[in-house]
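As a plain string of letters, each chain reads:
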Amino acid sequence: MTDGFNCGILGTGSFVPPNIITNEDLEKMVDTSDEWIVSRTGIKERRVVDKNVATSDIAAIAAQRAIKDAGIDAKDLDLIIVATVTPDMSFPSTACLLQDRLGAVNAAAFDLEAACSGFLYGIITAKQFIITGTYKNILVIGAECLSKIINWKDRNTCVLFGDGAGAAVLGRVEEGYGILSNCLGADGAGGQFLSLKAGGSRLPASVETVEQGLHYVSMKGNEVFKFAVKIMASAAEEAVNKAGLTADDIDYLVPHQANIRIIDAARKRLKLDENKVYVNLDRYGNMSSASIPVALDEAVHSGKIKKGHNIVMVGFGGGLTWGSCLMKWGK
Ligand code: UT7
């Protein structure tokens, strides 16, 4: 905190595409069952974009909603950060495409990649510019078209993911509100457990990479699961401790929406009631960097998060990466 103000969220917005793929639809595509998917993950359905829709298209809608909610104009933005593993293309960045699309002519723009932890990496990066007084209004977006990088014939992954976009405008809030503490972390040694191998400089896209399916997400689900169960609770606890609070002080938890068993394990370790945890993975599956901001937007606009609440956002993802953030909600 500095000079009588802190960094907080001024507005949120989200968008999920209308097309729904249910577990019953997946039963017709791969050897799976609604029973398996629901009991192992909690997911019942997910959204997918049309063929001609890209990440910047859904990000733009979420962004416009967040800008409106914050009561500012796109021209008031100083910086746009887009967290995504599904950029429209390698470059220009999706943030630059959006800067043009939104008419945010005064904003710098860059993409940030921390997989499912991307939104948290984004807001904690944005916080640094705000509290130092460098920038006033920063748009942070988590947006993904994961349906474009999933092998729809691989039952290990295709049942888990969905498309969507969530956005937040960060700016100055009254002292005592906003981001009170945060933590970020990475364990690159675990990067092999969740990756997309081809299409970069190590393994440029070729007929062979496509034939071998290396342009799709590959995952060792149970390795990621073990990591996630540990890190969700410990990252949340770290943010709570750094703020000088205890888990009893948490009014609302907004976790990354990957698997209900992972969320429940964290909730139990933090000794939180179920009604203090926002869950929408049954409707959307895992939207990677979009999961937390979509959940946040829904929780705020359905009145679950109120002014003065201590909320903890916590997530983990490919990299491996993790992050958490404790905010006193100031709107
Ligand atoms: O945001 C980060 C992204 N990733 C994650 O969050 C993933 C974290 N991991 C998980 O959520 C869980 O590990 C999964 C849901 C992916 C898998 O659940 P699990 O309880 O860890 O199952 P498993 O990987 O140990 O697999 C159990 C069995 C296997 O069969 P065998 O080898 O025991 O015969 C799989 O082949 O379940 C099989 N299986 C399926 N069966 C029906 C895997 N996917 C499916 C499926 N339908 N969709």
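Preceding this paragraph is the structure being described.
Residue positions within a chain follow its written sequence, with the count starting from 1. A pLDDT threshold of at least 70 governs which residues receive local features in this predicted model, and a stricter bar of 80 or more applies before side-chain atom pairs are shown or counted, although totals over entire chains, interfaces and linings include all residues. No hydrogens and no water enter the side-chain calculation; it runs on all heavy atoms of the structure.

(A) Molecular detail of the overall build of the chain. Helix and strand definitions follow DSSP, with helices as H or I runs of at least four residues and strands as E runs of at least two, each counted in order from the N terminus. Per the secondary structure count, the chain includes 11 helices and 13 strands. Our radius of gyration looks at C-alpha atoms and nothing else; its globule reference is 2.2 Å times the residue count to the power 0.38. Relative to the compact-globule value of 20 Å for 331 residues, the chain shows a C-alpha radius of gyration of 19 Å, a close match. Along the three orthogonal principal directions, the C-alpha set of the chain runs to about 55 × 45 × 35 Å. Each residue gets one of three labels from its accessible area relative to the maximum for its type: buried under 20%, exposed over 50%, partly exposed in between, using a 1.4 Å probe on protein chains only. Relative to its 331 residues, the chain shows a buried fraction of 54%. In the chain, once contacts between residues fewer than 6 apart in sequence are set aside, the share between residues at least 24 apart is 77%. The protein chains shown are the only cover counted for residues, whose accessible areas, like all others here, come from Shrake-Rupley with a 1.4 Å probe. Counting only carbon and sulfur atoms, one obtains 50% of the accessible surface of the chain, whose full area is about 13,900 Å². Looking at charge distribution, the chain has the averaged site of its 34 positive side-chain charges lying 2 Å from that of its 38 negative ones. Here a residue-residue contact requires only that any non-hydrogen atoms of the pair lie within 4.5 Å. Counted as positive: Lys and Arg. Counted as negative: Asp and Glu, with His and the chain ends omitted from the count. By convention, the point assigned to a charge is CZ for Arg, NZ for Lys, CD for Glu and CG for Asp.

(B) Examining the site of the ligand more closely. Residues are counted as near a molecule or strand when any one of their heavy atoms sits within 4 Å of it. Close contacts around the ligand come from 22 residues, with Thr32, Arg40, Cys116, Asn259 and Asn286 the closest. Throughout this description, a polar contact denotes any pair of N or O atoms lying within 3.5 Å of each other; where both atoms belong to protein, one of them has to be capable of donating a hydrogen while the other can accept it, and for residues adjacent in sequence the pair is counted only when both atoms sit in side chains. Take arginine 155: an N or O atom from its main chain is 2.9 Å from a nitrogen atom of the ligand. Coverage of the ligand by the protein chains reaches 73% of its 960 Å² of free accessible surface. Broken down by secondary-structure element, the contributors of at least two residues to the shell around the ligand are helix H2 (34-41), helix H6 (155-158) and helix H8 (221-242).

(C) Broad picture of the nonpolar core. Counting 43 residues, the largest nonpolar core has Met232, Leu253, Val312, Phe316 and Trp322 as its most contacted members. Mapped by element, the contributors of at least two residues to this core are H8, helix H9 (260-269), strand S12 (310-317) and strand S13 (321-328). Source of the domain bounds: an automatic or database domain assignment. In terms of domain composition, this core takes at least three residues from each of domain 1 (6-176) and domain 2 (180-328). Dropping the residues within four chain positions of it, leucine 253 is found in contact with Leu270, Leu272, Lys276, Val277, Tyr278, Val312 and Val314. Working definition of a nonpolar core: buried Ala, Val, Leu, Ile, Met, Phe, Trp, Tyr and Cys residues. They are joined through side-chain atoms within 4.5 Å.

(D) Molecular detail of the sheet that holds S12. Taking strand neighbours across the sheet as the criterion, the 4 strands line up as S8-S13-S12-S11 in an open arrangement whose pairing is mixed. If you trace the sheet from one side to the other, it starts and ends with strand S8 (178-186) and strand S11 (252-255), each paired once. Sheet twist, expressed as the average angle between the axes of neighbouring strands with direction ignored, equals 10°. Between any two strands, at least two bridges found by DSSP are needed for them to pair. In this sheet, S13 lies alongside S12 in antiparallel orientation, the contact comprising 8 bridges. Bridge pairing in S13 places phenylalanine 316 opposite tryptophan 322. Note on geometry: axes are C-alpha line fits, over the in-contact stretch for helices, and angles between N-to-C directions span 0 to 180 degrees. Together, S8, S12 and S13 form the strand contacts of helix H5 (residues 118-131), whose direction differs from that of S8 by roughly 125°.

(E) Here's a closer look at the pattern of salt bridges. The working definition used for a salt bridge is a side-chain nitrogen of Lys or Arg within 4 Å of a carboxyl oxygen of Asp or Glu. Counted under the stated rule, the structure contains 8 salt bridges. For the salt bridge of arginine 155 with aspartate 31, the shortest nitrogen-to-oxygen distance reads 3.7 Å. On the criterion of sequence distance, the pair formed by arginine 155 in helix H6 and aspartate 31 in the loop between helix H1 (23-27) and H2 is long-range, its members being 124 residues apart. Classification of arginine 155 as partly exposed rests on a relative accessible area of 47%. Looking at aspartate 31, the relative accessible area reads 61%, which means it is exposed. A salt bridge links lysine 242 to glutamate 238, with the nearest nitrogen and oxygen atoms 3.3 Å apart. Taken together, the residues lysine 242 and glutamate 238, both in helix H8 and 4 residues apart, mark about one turn of the helix. One continuous salt-bridge network, built from bridges that share partners, spans Asp264, Arg267 and Glu274.

(F) Broad picture of the pairing of S11. Every second residue of S11 is oriented toward a common face, with Tyr252 and Val254 on one face and Leu253 and Pro255 on the other, all of them buried. Sheet analysis places S11 next to S12, joined by 4 bridges and oriented parallel. From the neighbouring strand, proline 255 faces S12, where its bridge partner is valine 314.

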